[in-house]
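# Commentary on secondary and tertiary structure
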Amino acid sequence: MHRLLLLLCFTLSLAPAQPPGTNYDETKVPKYTLPDPLVMADGTPVKDAAMWRKQRRPEILALFSEQVYGVTPKAKVKLRTEVLEMDKSAHGGLATRKQVRVWFGPASDAPFMDLLIYLPNGAKGRVPAFLGLNFGGNHTVQPDTEIRVTKSWVRAKGNVATEAERGTGSSRWPVDMIVKRGYAVVTAYYGDIDPDFDDGFKNGVHALFPRTSSANEWGSLGAWAWGMSRAMDVLEKEKEIDAARVVLHGHSRLGKAALWAGAQDERFAVVISNDSGEGGAALARRQFGETTARINTAFPHWFAGNFKQYNGKEDTIPVDQHMLLALIAPRPLYVDSALEDEWADPKGEFLGALGADPVYRLLGMPGLLVKEFPAVEKPTLDGSIGYHIRKGKHDVTDYDWTQWMNFADRHFKRAAR
Ligand code: GCU
């Protein structure tokens, strides 16, 4: 009960009150025209895969960097790792649990993230993995008392994590179910990478890089995406994991970050967006649920300064979110929504995925096989873009995990288990 209450408070604290005047009426969505992912900014049509790859893809990537998420610093940071702890008989012998500290830089006081890794025991050869950041600290992922309690600030300046939160996020991380299907689970606390509050980009990994002109400076979504890529750097060196089969996933703000990471870093084999909404998979031009003005006001530290000029003027953004999804092509992409998560605009998320379809097709991939907003819990698992809407709220559930693993199995040509 105590746990449930904590989880509830935690969830509520993440979701600011939805402002009056938010449109939830489909008949009141004004008409909009999406920019064509297959037409260059100067109007030239993209005629083939080579032109997409060499011209249009870099153009779209640069627009998202400059206008939306901010520019990710190019400078390489040398990572230092240390295995803090390992137990080969975790989860009743199903898994090996490993905790690896990853320092961003050689300095002894460099910032670090702790990776929590579960490897399925008894696997033949390297295993595919699901990588995703968590919201509350690694100790919230499972009730296991061996998991280190994060020392990073949680949600607000000076707010520390506590023992009482242990396992409170475990319904979102069904480790047993995942390792039984032969996948490794890898996670880290997003606040280890960049604490989620507006501090003028002074803390977290932002502090590792020189400040730039604020207009295109990277925000927290960019920093979390960067952290996902650093986790991938570590996985490339983990001998039990097949780095060519890493599925990147993220829920809500971390779904936005996962999409941005997957767009920039092509090492991620599959990318999953769960309830990512505004600034994620949902079309910004569709006026339903959260708006650009609202997200920029409630979370001024998430995006580049430039993005604020589009508050209330979504029609003038040179990109829309279907183009972010198109940057994942030709790699498999999975988008999912929840029926009661209207704030994230489920239909806008579906239309975002559909809008990426022409790019997949140009690249010779099957794209999204459904063209109409599907019925609840009728997942689309074939094709290179998967989608489902499930019943229930803004959350990550076993239903979602089951579809993600079914989708990944298909793409990795693994027999269903
Ligand atoms: C808020 C925010 C959303 C975000 C969500 C979350 O509701 O408005 O854009 O996705 O928090 O990350 O839980």
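Preceding this section is the structure that the text describes.
Residues numbered from 1 in each chain as written. Predicted model: local features only at pLDDT ≥ 70, side-chain atom pairs only at ≥ 80, totals over all residues. Heavy atoms only, no water.

## Points about the overall build of the protein
- Each helix and strand in the protein was counted, giving 10 helices and 9 strands.
- A globule of 417 residues ought to have a C-alpha radius of gyration of about 22 Å, and the protein, at 20 Å, matches this closely.
- Projecting the C-alpha coordinates of the protein onto the three principal axes gives extents of approximately 55 × 50 × 45 Å.
- Counting every position in the protein, which comprises 417 residues, the buried fraction comes to 58%.
- Accessible surface, the protein as shown: approximately 16,700 Å² in total, 57% of it carbon and sulfur. (Helix = DSSP H or I, 4+ residues; strand = E, 2+ residues; numbered from the N terminus. Rg over C-alpha atoms; globule rule 2.2 N^0.38 Å. Buried < 20%, exposed > 50% of the residue type's maximum accessible area, 1.4 Å probe, protein only. Areas by Shrake-Rupley, 256 points an atom, 1.4 Å probe, with all protein chains shown as cover.)

## Here we look at the site of the ligand
- In the vicinity of the ligand lie 11 residues, with S252, R253, K256, E290 and W343 positioned nearest.
- The contact in question runs from an oxygen atom of the ligand to an N or O atom on the side chain of R253, over 2.6 Å.
- Here an oxygen atom of the ligand sits 2.6 Å away from a polar atom, N or O, in the side chain of E290.
- Out of a free accessible area of 320 Å², the ligand has 95% covered by protein chains. (Near = heavy atom within 4 Å. Polar contact = N/O pair within 3.5 Å; in protein donor to acceptor, adjacent residues only side chain to side chain.)

## Here's the deal with the packing of aromatic side chains
- One pass over the structure, following the stated rule, counts 25 aromatic pairs.
- Centre to centre, the rings of W103 and F112 are 6.1 Å apart; their planes meet at 65°, and the pair counts as edge-to-face.
- With a centroid separation of 4.9 Å and 70° between ring planes, the pair formed by F130 and Y183 is classed as edge-to-face. Of this pair, F130 sits in strand β4 (residues 127-134) while Y183 sits in the loop between α3 (175-180) and β5 (184-189), and the two are 53 residues apart along the sequence. The same class applies to F130 as to Y183, namely buried.
- Taken together, F64, Y69, W260, F303, F307 and Y310 form an aromatic cluster joined through their ring pairs.
- Directly above the ring of F112 sits R101, whose terminal nitrogen or CZ lies 4.0 Å from the centroid.
- Stacked on the ring of W226, the Lys or Arg R230 has its end atom at 5.0 Å from the ring centre. (Phe/Tyr/Trp six-rings, centres within 6.5 Å; stacked < 30°, edge-to-face > 60°. Lys NZ or Arg CZ within 6 Å of the ring centre and 35° of its normal.)

## Section: the packing of helix α5 (residues 220-235) against helix α6 (residues 253-264)
- It is the contact of α5 with α6, at a shortest axis distance of 8 Å, that shows an interaxial angle of 60°. As summarised for this structure, α5 and α6 are arranged oblique, according to the angle between their axes. Handedness of the α5/α6 crossing: right-handed. Taking contact as the criterion, the partners of L221, G222, W224, A225 and M228 in α5 are, on α6, R253, L254, K256, A257, A258, W260, A261 and Q264.
- Considered class by class, the residues forming the contact of α5 with α6 number 9 nonpolar, 2 polar and 2 charged. (Axes fitted to C-alpha atoms, helices over the stretch in contact; angles between N-to-C directions. Parallel < 35°, antiparallel > 145°, perpendicular 65-115°, else oblique. Left-handed = near helix turned anticlockwise from the far one by under 90°. Contact = heavy atoms within 4.5 Å. Nonpolar A, V, L, I, M, F, W, Y, C, P; charged D, E, K, R; others polar.)

## A word on the packing of helix α2 (residues 49-69) against α6
- The interhelical angle for the contact between α2 and α6, taken along N-to-C directions, is 145°, at an axis separation of 11 Å. You can see that α2 and α6 cross each other, and the crossing is left-handed. On α6, the residues touching R57, L61, F64, S65 and Y69 of α2 are W260, A263 and Q264.
- Its residues assigned to classes, the contact of α2 with α6 shows 5 nonpolar, 2 polar and 1 charged.

## Let's talk about α2
- Taking 1.5 Å of rise per residue, 21 residues should cover 30 Å, yet α2 covers just 26 Å from first to last C-alpha, more than 12% shy of that figure.
- Of all bends in α2, the biggest is about 40°, found at R56, and the proline P58 comes one to four residues later.
- Among the structural elements, α5, α6, α8 (321-326) and α9 (346-362) are those in contact with the buried residues of α2.
- Count one or two residues on from α2 and you reach G70, which has phi positive near 95°. (Expected span 1.5 Å × (residues − 1). Bend = angle between axes of the 7 residues up to and from the residue.)

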